[in-house]
Amino acid sequence: MAFVSSGYNPDKPMENRITDIGPRKYDQFYPPFIAKNKGKWLYHEILEPGVLMHVAESGDKVYTVRCGTARLMSVSLIREMCDIADKYCQGFLRFTTRSNVEFMTDNADTLKALKADLAGRKFSAGSNKFPVGGTGAGITNIIHTQGWVHCHTPATDASGPVKAVMDEVFADFQAHRMPAPLRISLACCINMCGAVHCSDIGLVGIHRKPPMIDHEWADRLCEIPLAVSACPTAAVRPTKVDYKGEKHNSIAIKNERCMYCGNCYTMCPALPISDGEGDGVAIMVGGKVSNRISMPKFSKVVVAYIPNETPRWPTLTKTVKHIVEVYAANANKYERLGEWAERIGWERFFSLTGLTFTHHLIDDFREPAYYTWRQSTQFKF
Amino acid sequence: MAKHATPKLDQLESGPWPSFVSDIKWEAENRAKNADKVNYQIPVDCPADLLGVLELSYNDGETHWKHGGIVGVFGYGGGVIGRYCDQPQAFPGVAHFHTVRVNQPAAKYYSSEFLRQICDLWDMRGSGLTNMHGSTGDIVLLGTQTAQLEEIFFELTHKYNTDLGGSGSNLRTPESCLGTSRCEYACYDTQDVCYQLTLDYQDELHRPAFPYKFKFKFDGCPNGCVAAIARSDFSVIGTWKDDIKIDQAAVKGYVGGEFAPNAGAHSGRDWGKFDIQAEVVDLCPTKCMKWDGSKLSINNRECTRCMHCINTMPRALHIGDERGASILVGAKAPVLDGAQMGSLLVPFIEVNQPYDEIKEVIEKIWDWWMEDGKNRERLGETIRRLSFQRLLEVTEIAPQAVHVKEPRHNPYIFWKEEEVPGGFDRDIEAYRTRHQR
């Protein structure tokens, strides 16, 4: 493992330095049939789940095969994608916002061969490398975050629960049986690096215990005033403590004011918050980002807490699957999950799903809470 | 033989969905074999150690990654996320495991040639593991050591003509939907604005000067495929001003069952014969459409461009020709004061190169937010603290009824002194001549 220089000279970091060049320009990576028809598309059709056809004014037809990925992927897998792109797609491919990979061709015969090829590619233990699907009124890939794989603040893993949930709803990744598109997202803490807060079903890692305080280290590891000002509920204050016979500048936390957001830990590593017993996942439903029919909506918390049942999160996956099935059985065509819940009323959502309504689900955070209570005699028994 | 036993993770190898565990194991094997004689610059077994430390988290339900760490490349304040394992003795391969964010090409089209170059670089100088892509849109190269950072940056810029993305209190890597490149709904060239503004604001992207992160996202139409409205401080969402174009013959094609509604999105269930009255006209949120049995008409003045009719009959209905975008500002995830969605600031703006009109709005917002925003305060929070009116003032945009869903619920108006005749300085003595104490 001898060090190999790239050409960079650490003694003269500015020598030949290239900076601020930005990304490669997008049009270097257009397949010819995309470059030719850009801005001149007439319409599209989903030929079958996961296979799109875009028709241009020129009469050209472009076929897209969309495949799910785990988002976390090795260079070995990316190279395999490149091989596929070289063989069938003139050396080009693209990824979607939701971490699907798309292979495109303008030839119907190539499309057939491509689909057959993709179907046969499996990981050694049997899971699909390139499952085709994720279109239309089905369930597409789960937007998610890093979790225990690489993050310092998570309350749950991301890749594991995503794998478990996608296995559970896999048939609907490859079908169009839902009333409308159903978007599931997962964020491993309430920082929400993914847009979980506007998803049909959002899974959010939550902490449930206030941070611990590492008194010996607080003043050495942190700017204590930053930790204090990071707290949205004024639960954190500076204090002096006697610890193991020594006086320390440290931090005190009012447990009853803590909402377990972890923002103080982000500012101060001496306030670790994660806890194997306390941490878990909340389920939020009914959000959307599209402006179609109704305006975009936030997701609402309908299950306050599910423990981290590694490795396959059975309670979480069962609950998600159940919500999906009740929605599929009851919503009207074109109705997103949140539109359905609003039409029937949230009280009916709880009675139909059988989910238990508990005090945790009544908003008590800041002024917007009031607007979620019921200022009306209109309700369903 | 795997380096660490991972009985829990092994259970994530079954089932149909792609298994990240199988993929990491595959990478671990490939590195151990090293068929291509790669001169690995960080420990060969880091994928195996990553599985080991992840298994530990699966046993104790807690992460084993420490708080950040200031690492990066010379002259940049973002693009690299420092990461250290809190069990380095047990998992030395991932003791240091920094993330490199590489700015993705807009809308994530790639040539296999470019992707292979990134793979070769990351194979040799990193863990061989990636995220395609991070939530903001970057290519995320997952795990390397400090000594490799300048080398990686040098190769990216010199050999592959590409740059790092954003992190920290910077402009974050902008992202767009695929726009006009492959979508008939796109109202402007999302990729081009995204690319151009990324280039124009390289300094803001690489050198933190903001109160907190700032995100641009570009959606080509109100369907919102990159979720700009939910997660970007500055969302540019395509729209149009004139009439939806109707092809009456194609409308009849849908009514007669010749074309599948909604481009075939509902093919998995028998929803019955397509009913244009029930499925399009009655679901229109403004009830601005009519179907008389042979002709579809739209009162376009009442249309709010929700896309439902166009999505449902994409062969028959097309977006108008007077195209541009709406700008919404202030979206963010819940931390800290609750989630916010973007609020409409500019109802309509033309989107033409070199995008000076859009940049003018951006720069007015930045001037204000950099001056008045608090440390770690997202734009949406600054607007809530200092008022939407203030935002309108600093952007020099006239208040319009479209800025609100409904007018205010209270009369506690912050009148400006110049709006009130005589101003706020009053004479108490004169008042007392009219009113006894």
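Residues numbered from 1 in each chain as written. Chains lettered and ligands numbered in written order. Predicted model: local features only at pLDDT ≥ 70, side-chain atom pairs only at ≥ 80, totals over all residues. Heavy atoms only, no water.

Asker: What am I meant to see in the interface of chain B and chain A here?
Answerer: Many descriptions give the size of an interface as the accessible area lost when the pieces come together. Taken together, the 148 residues of chain B in the interface contact 140 residues of chain A. A buried area of about 12500 Å², summed over both sides, lies between chain B and chain A, and 59% of it is on carbon and sulfur atoms. Ranking the residues of chain B by area buried against chain A places Trp 17, His 67 and Arg 182 of chain B at the top, with a combined share of 8%. Summed over the shared surface of chain B and chain A, the result is 11 salt bridges. Here Arg 182 of chain B ties to Glu 102 of chain A by a salt bridge, and the two come within 2.8 Å at their closest N and O atoms. Taken together, the links from chain B to chain A amount to 86 residue pairs in polar contact (both at pLDDT 80 or more). Split by residue class, the side of chain B that touches chain A holds 62 nonpolar, 53 polar and 33 charged. (Contact = heavy atoms within 4.5 Å. Buried area = accessible area lost by both parts, 1.4 Å probe. Salt bridge = Lys/Arg side-chain N within 4 Å of Asp/Glu carboxyl O. Polar contact = N/O pair within 3.5 Å; in protein donor to acceptor, adjacent residues only side chain to side chain. Nonpolar A, V, L, I, M, F, W, Y, C, P; charged D, E, K, R; others polar.)

Asker: Sorry, what's going on with the sheet that holds strand 5 (residues 92–95) of chain A here?
Answerer: The strands that make up a sheet pair up through hydrogen bonds in the backbone, lying either parallel or antiparallel. Pairing in this open sheet of six strands is antiparallel, and the strands run 1(A)-2(A)-3(A)-6(A)-5(A)-3(B) from one edge to the other. Edge strands, defined here as strands with exactly one partner in the open sheet, are strand 1 (41–48) of chain A together with strand 3 (109–111) of chain B. Direction aside, the axes of adjacent strands within the sheet are offset by 30° on average. Bridge count between strand 3 (residues 61–67) of chain A and strand 6 (residues 101–105) of chain A: five bridges; the pairing is antiparallel. Across the sheet, the residue bridging to Thr 64 of chain A is Met 104 of chain A, located in strand 6 of chain A. Each of strand 5 and strand 6 of chain A is contacted by helix 2 (residues 75–88) of chain A, which is oriented at about 15° to strand 6 of chain A, the strand it contacts most. Along the sheet, helix 3 (residues 108–119) of chain A makes contact with strand 1, strand 2 (51–56), strand 3 and strand 6 of chain A, crossing strand 3 of chain A at roughly 5°. (Pairing = 2+ DSSP bridges. Helix = DSSP H or I, 4+ residues; strand = E, 2+ residues; numbered from the N terminus. Axes fitted to C-alpha atoms, helices over the stretch in contact; angles between N-to-C directions.)

Asker: Would you explain the side chain of Arg 125 of chain B in this entry?
Answerer: With respect to the helices and strands, the residue Arg 125 of chain B is situated in helix 4 (residues 112–125). Arg 125 of chain B sits in the buried class, given a relative accessible area of 0%. A polar side-chain atom of Arg 125 of chain B sits 2.8 Å from a polar atom in the side chain of Gln 148 of chain B. Every residue in contact with Arg 125 of chain B, bar those within four places of it in the chain, is listed here: Val 4, Ser 5 and Ser 6 of chain A together with Gln 41, Ile 42, Thr 144, Gln 148, Glu 151, Ile 152 and Glu 155 of chain B. (Buried < 20%, exposed > 50% of the residue type's maximum accessible area, 1.4 Å probe, protein only.)

Asker: What is the right way to look at the pairing of strand 8 (residues 201–206) of chain A in this model?
Answerer: Here is the key point about a regular strand: its side chains alternate between the two faces of the sheet. All names here are of chain A. Of all six residues in strand 8, six are buried; the element is thus mostly enclosed. In strand 8, alternate side chains face the same way, and those of Ile 201, Leu 203 and Gly 205 on one face and Gly 202, Val 204 and Ile 206 on the other are all buried. By the bridge criterion, four bridges tie strand 7 (residues 184–187) to strand 8 in an arrangement that is parallel. Residue Ser 185 lies in a different strand from strand 8, and its bridge partner there is Gly 202. In this sheet, strand 11 (residues 280–285) lies alongside strand 8 in antiparallel orientation, the contact comprising six bridges. When the sheet's bridge partners are listed, Ile 206 is paired in strand 11 with Gly 280.

Asker: Help me understand the packing of helix 2 (residues 20–33) of chain B against helix 3 (residues 46–60) of chain B in this model?
Answerer: The axes of two packed helices give the description: the angle between them and the distance between them. Residues and elements named next belong to chain B. Taken N-terminus to C-terminus, the directions of helix 2 and helix 3 make an angle of 145°; their axes are 8 Å apart at the nearest point. Together, Phe 20, Val 21, Ile 24, Lys 25, Glu 27, Ala 28 and Arg 31 of helix 2 and Cys 46, Pro 47, Ala 48, Leu 50, Leu 51, Leu 54 and Tyr 58 of helix 3 make up the contact between the two elements. By residue class, the composition of the contact of helix 2 with helix 3 is 11 nonpolar, no polar and three charged.

Asker: What am I meant to see in unusual backbone geometry here?
Answerer: Only a minority of non-glycine residues have a phi that is not negative, and only a minority of peptide bonds are not trans. Across the junction of Met 132 of chain B and His 133 of chain B, the peptide omega takes the value 10°, indicating a cis bond. By secondary structure assignment, the location of His 133 of chain B is in the loop between strand 4 (129–132) and strand 5 (139–144). With omega at 0°, the peptide bond leading from Gln 353 of chain B into Pro 354 of chain B counts as cis. Backbone geometry at Arg 71 of chain A places phi at a positive 70°, although glycine is not the residue there. As for its placement among the helices and strands, Arg 71 of chain A is situated in the loop between strand 3 and strand 4 (72–74). Here Arg 71 of chain A falls in the buried class, since its relative accessible area comes to 4%. The backbone of Ile 293 of chain A shows a phi angle near 60°, a positive value even though the residue is not glycine. Of note, Ile 293 of chain A is situated in the loop between strand 11 and strand 12 (300–307).

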